[in-house]
Each structure stands twice: as C-alpha cells, then as structure tokens.
Amino acid sequence: MYRVLCDDILICDSRIEDLALLNPTITLGENKAGSFSFTLSPTHPEYKTIKKRKNLIQVYFDEEVEPLFSGICVDETYNFYNHRKITCEGELTFFNDTIQRPRRYQGKAARELLEAYVAIHNAQVEENKRFIVGAVTVKDNNDYISCYTNMETTMTALKEDLVDDLGGFFRVRHPDGKRYLDYLADSPN
C-alpha cells in the first residue's frame, strides 16, 4: 500500500479509488535527488492542490514512518484531456538553489566541511529548505581537507569536495519532522 501526501494533505492512497494517481514512477539514486512523477485526472479531488516549487510531496510505503521519497514539484504539463502530469525532485535538489561563494577551506574534517557548506546553504533559503547535519561516518585519513569554492552550487561543492574525494553517501531523514542530512561511509540501501 502506498500513500502520497502534499503538505500533509492525502492525495493518494492505494486503497481509495477516488485518490488514484495515474502512472506513478519513483526513481531513486545514491547521492542524487531522485524523482517522482505521476498524473492527476481532472476529476481528482486534489487536482489543484499541488503548486510548483511550493509544496512538499512525500511518498510512504505501508505504515512506514520515514518516506520512501520526499521532494517538491519542479514541473507540470497538461495534455489534451487536461490531465496534469507532475514531476517532482527529491530534497537534495534544494542544494542546487544555493551557491558557495569563493572561499578557501583548509585543515577541515569531513563533518566540519559539511557543516560549513550546509550553514551557507541554510542562510540562502527559506526555512522549509534547510537541513541539519546528522550522522557523519565518513573519515578523511588525516582529517585535513583542503579545497576551494568558487560560485558553484552547494550540490556541486558537496559532490566534488566530499563524495568524489572521500566517497560515502548522503541520506536525508526526517525524525521529529526535521530534515537531517547524514553523510555515511556505507550505503544506507
């Protein structure tokens, strides 16, 4: 059984025929935002509820507390029959909305660099797109990362300065309704 919520409004429950989505597809990837697309018929009760780049869309499997997918609507199209196709990207896409200004980082551990990048990101976005640094199990051999940023997106900086150099995997989780970013040495999947 699947449930889909839009800002805590139920828009799909696989047990309720009136709340059916057409062609739902989830694509997940490691260290990628992932995507969720679906189509709403004009008769769907929540046809007009979802607003582009505004609402948080979450997909749950069975009675799981942690969502299988969580993200925002980034695109919508309509066909001849006025069916509304919605395309969502996962929460890691929020890091594409911010930049890391030119700066030199030297002598940082993985956690310190991640916290610095997330703090700069959080200062540039509204509260509903902010992250809290959670578990960090990735280690640098000497805890001495040296790198530069130069107006790249936060997502690019995270990938190039952490994942490409040290390996590891990002995971977003939501205990207590807050958004935590974990940086793990081993894949959570």
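Above this note sits the structure.
Below is a short write-up of the structure.

Thresholds applied
- Residues numbered from 1 in each chain as written.
- Predicted model: local features only at pLDDT ≥ 70, side-chain atom pairs only at ≥ 80, totals over all residues.
- Heavy atoms only, no water.
- Phe/Tyr/Trp six-rings, centres within 6.5 Å; stacked < 30°, edge-to-face > 60°.
- Helix = DSSP H or I, 4+ residues; strand = E, 2+ residues; numbered from the N terminus.
- Buried < 20%, exposed > 50% of the residue type's maximum accessible area, 1.4 Å probe, protein only.
- Lys NZ or Arg CZ within 6 Å of the ring centre and 35° of its normal.
- Axes fitted to C-alpha atoms, helices over the stretch in contact; angles between N-to-C directions.
- Parallel < 35°, antiparallel > 145°, perpendicular 65-115°, else oblique.
- Contact = heavy atoms within 4.5 Å.
- Nonpolar A, V, L, I, M, F, W, Y, C, P; charged D, E, K, R; others polar.

Here we look at the packing of aromatic side chains
Taken as a whole and assessed by the stated rule, the structure comprises eight aromatic pairs. Ring centres of tyrosine 2 and phenylalanine 61 lie 5.0 Å apart, and the angle between their planes is 55°; this geometry places the pair in the tilted category. Residue tyrosine 2 is found in strand 1 (residues 2–6), and its partner phenylalanine 61 is found in strand 5 (residues 56–61); the two are separated by 59 residues along the sequence. Since its relative accessible area comes to 40%, tyrosine 2 is described here as partly exposed. Centre to centre, the rings of phenylalanine 36 and phenylalanine 69 are 5.8 Å apart; their planes meet at 50°, and the pair counts as tilted. Linking phenylalanine 36 in strand 4 (residues 35–40) with phenylalanine 69 in strand 6 (residues 69–78), this pair joins segments that are 33 residues apart in sequence. Overall, the relative accessible area of 3% leaves phenylalanine 36 in the buried class. These aromatic residues form a ring-pair network of at least three members: Phe36, Phe38 and Phe69. Here arginine 173 stacks its cationic end above the ring of tyrosine 180, 5.1 Å away from the centre of that ring.

Comments concerning the packing of helix 1 (residues 110–124) against helix 2 (residues 154–166)
Contact pair helix 1 / helix 2: the axes reach a minimum separation of 10 Å and the direction vectors enclose 170°. One element, helix 1, and the other, helix 2, form an angle in the roughly antiparallel class. For the pair formed by helix 1 and helix 2, the contact residues are Ala110, Leu113, Leu114, Tyr117 and His121 on the first element and Thr154, Ala157, Leu158, Asp161, Leu162 and Leu166 on the second. The residue inventory of the contact of helix 1 with helix 2, partitioned by class, reads eight nonpolar, two polar and one charged.

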